[in-house]
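# An overview of the molecular structure
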Amino acid sequence: MDRDFGQLRLRPRIGLALGGGVARGWAHIGVLRGLRRYGIVPDIIAGSSVGALVGGFYLAGHLQTLEDWARQLNKLKIVGYLDLRLASGGLIAGTKLINEMRRHLGDLRIEDLAIPFVAIATDLATGHEVWLREGSVVDSLRASFSLPGVFPPMMVDGRYLIDGALVDPVPVSACRSMGAEMVIAVNLAGDLIGKSRRIATEVPVAGGFDLMRLLEEQAAAAMPLSPLNALTRRLFNRDPGIPSLFGVMVSSLGIIIDRVTRMRLAGDPPDVHIAPRLGHIGLLEFDRAEEMIVEGEAAVERAVPELMDALTVFSHGARESVRGDMTG
C-alpha cells in the first residue's frame, strides 16, 4: 500500500457554490463565517457575480477586508463609487471599484489560490457560460459581476464577458465538474415570502435604493452633489408610482436571475441548499451589510441538521471508497 494512503481524508470533497444577487451577496460573508464555525471548510469554490467577488476575497485571505469595507458603506459612499460613463457600455465605468480591489488583491492569479476556484461569466456574443479558472483574480471577478447596463462588459482572452448570473446564478454544476463530492449551494434568490411582503409602492425604486431621494436630501442639507449630471438625473428620476429607467432595468435583471436560478437548481440540485432570507432587501441596498451578514450566519444555523446529515452520508461513502481501494 502507498505510504500516503493512510493520510486519505475520510470526509467528502466539499464544493461551495456562491450565488449571484447583487447587494445581497454580503450574506455570503456570514455564510462563510457560519460554516467555518462548524468546521466546514470548502475544497472547491465556484462563484457567480457577487458570489465570485466574495469567494475570491475569501480565498485571497481578505474576507475580513471585504467585510470591513462593506460594513462602512452608506448611501453617500455608494454614490461616490458611481463613476458614470455612458459611452462605455454601462452606466458605471467601475474604475473606482477596480482600483479598490487591486489595492488589496494586487496581481494575484487564480492559479495561485490555495484551492480550486472558478468565477462564472457570460460571453456577450454567444451567450455561452464561461468558467474563469486562471488569470488575474481582479479581472475575473470584475467580469463575473459585470451587470448588463450597469457595468461595461469586460474583455478577457478576446471575449467580452458579462455577469455570470445570467446563465448560472448558483454554479452547482461547476463545483461537481471540478471534483466536488458534496455540494453546498448558497442561493440569494430563494426568499419568495420576503418578496411577497413588499408593498407595491416600493417597486419603482431601483432595487430598494431611491437615488433621487438621496440627491434631494443632499440638496436640502446644502451638501456637495455627487458627480451625477442632468442626464443621470433623467435616468434615475421618476414620477411618483412610476418606475425609473434604472429601476426597471435592475428589477428586470432580478427577475431573470430568479427564474434562471430555479431552472438550474431543479436540473442539478445541490446536496445542501442554504437560502438566506433576503427578499425584503433591495438588490442595490449595499449599505445593509450588517443585517445581511447576520442573516447569512443564521441561514447556516437553520441548515445545520441538513449539513450534518449530508456530511454523515458522504463521509460514509468516502470510508467505503477507502476500504474498497485497500481490499482491491
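Preceding block: the structure.
Each value, and the rule that gives it
Think of each chain on its own: its residues are numbered from 1, step by step along the sequence as written. In keeping with the predicted nature of the model, local features appear solely for residues at pLDDT of at least 70, side-chain atom pairs appear and are counted solely at 80 or more, and the whole-chain, interface and lining totals rest on all residues. Side-chain metrics in this entry use all non-hydrogen atoms of the structure; hydrogen atoms and water are not considered. We define a nonpolar core as any set of buried Ala, Val, Leu, Ile, Met, Phe, Trp, Tyr and Cys residues linked to one another through side-chain atoms lying within 4.5 Å. A simple rule labels every residue: compare its accessible area, found with a 1.4 Å probe on the protein chains alone, to the largest value its type can have, and call it buried under 20%, exposed over 50%, or partly exposed in between. Note on definitions: a residue-residue contact is assigned when non-hydrogen atoms from the two residues lie within 4.5 Å. Segments assigned H or I by DSSP are reported as helices when at least four residues long, segments assigned E as strands when at least two residues long, and all are numbered from the N terminus. Ring pairs shown here join Phe, Tyr and Trp side chains whose ring centres sit within 6.5 Å, with only the six-membered ring taken for Trp; geometry is labelled stacked below 30 degrees between planes, edge-to-face above 60, and tilted in between. Nitrogen and oxygen atoms within 3.5 Å of one another constitute a polar contact, given that in protein one can donate a hydrogen and the other can accept it, and given that sequence-neighbouring residues count only through two side-chain atoms.

Among the nonpolar cores identified, the biggest contains 72 residues, and W26, F117, L141, I184, I274 and L307 are the most heavily contacted of them. In this structure, F117 is in contact with I45, G47, A52, G55, G56, L59, I110, L132, R133, L141 and M178, ignoring residues within four places of it in sequence.

Buried residues dominate helix 2 (residues 50-59), accounting for 10 of its 10 residues. Of the residues trailing helix 2, G61 is marked for its positive phi of about 80 degrees.

Before going further, it helps to spend a moment on unusual backbone geometry. Backbone geometry places S49, a non-glycine residue, at a positive phi of 60 degrees. Counting through the fold element by element, S49 comes out in the loop between strand 2 (44-48) and helix 2. Overall, the relative accessible area of 5% leaves S49 in the buried class. Notably, D157 is not glycine yet its phi reads approximately 50 degrees, a positive angle. Relative to the assigned elements, D157 resides in the loop between strand 5 (154-156) and strand 6 (159-163).

Inspection of the secondary structure puts L82 in the loop between helix 4 (75-80) and helix 5 (95-105). Relative accessible area serves as the criterion here: at 12%, L82 is assigned to the buried category. Spatially, the C-alpha atom of L82 lies 7.5 Å from that of G94, the residues being 12 residues apart in sequence.

The next thing to look at is the packing of aromatic side chains. Tallied over the full model, the rule gives three aromatic pairs. Ring geometry for W26 versus W69: centroids 6.1 Å apart, planes at 80 degrees, classification edge-to-face. Highlighted residues: W26 in the loop between strand 1 (14-18) and helix 1 (27-37) and W69 in helix 3 (residues 63-71), separated in sequence by 43 residues. Summarising the aromatic geometry, the rings of W26 and F286 are spaced 6.1 Å apart at their centres and angled 70 degrees between planes, so their arrangement reads as edge-to-face. In this pair, W26 is assigned in the loop between strand 1 and helix 1 and F286 in the loop between strand 8 (272-274) and helix 12 (289-327), connecting sequence segments 260 residues apart. Taken together, the aromatic side chains of W26, W69 and F286 make up a single cluster linked through ring pairs.

This next bit is on the side chain of H28. By secondary structure assignment, the location of H28 is in helix 1. Here G19 takes part through its backbone oxygen, which lies 2.7 Å from a polar atom of the side chain of H28. Non-local contacts of H28, meaning those with residues more than four positions away in its chain, are made with L18, G19, V50, G51, V54, V186 and L188.

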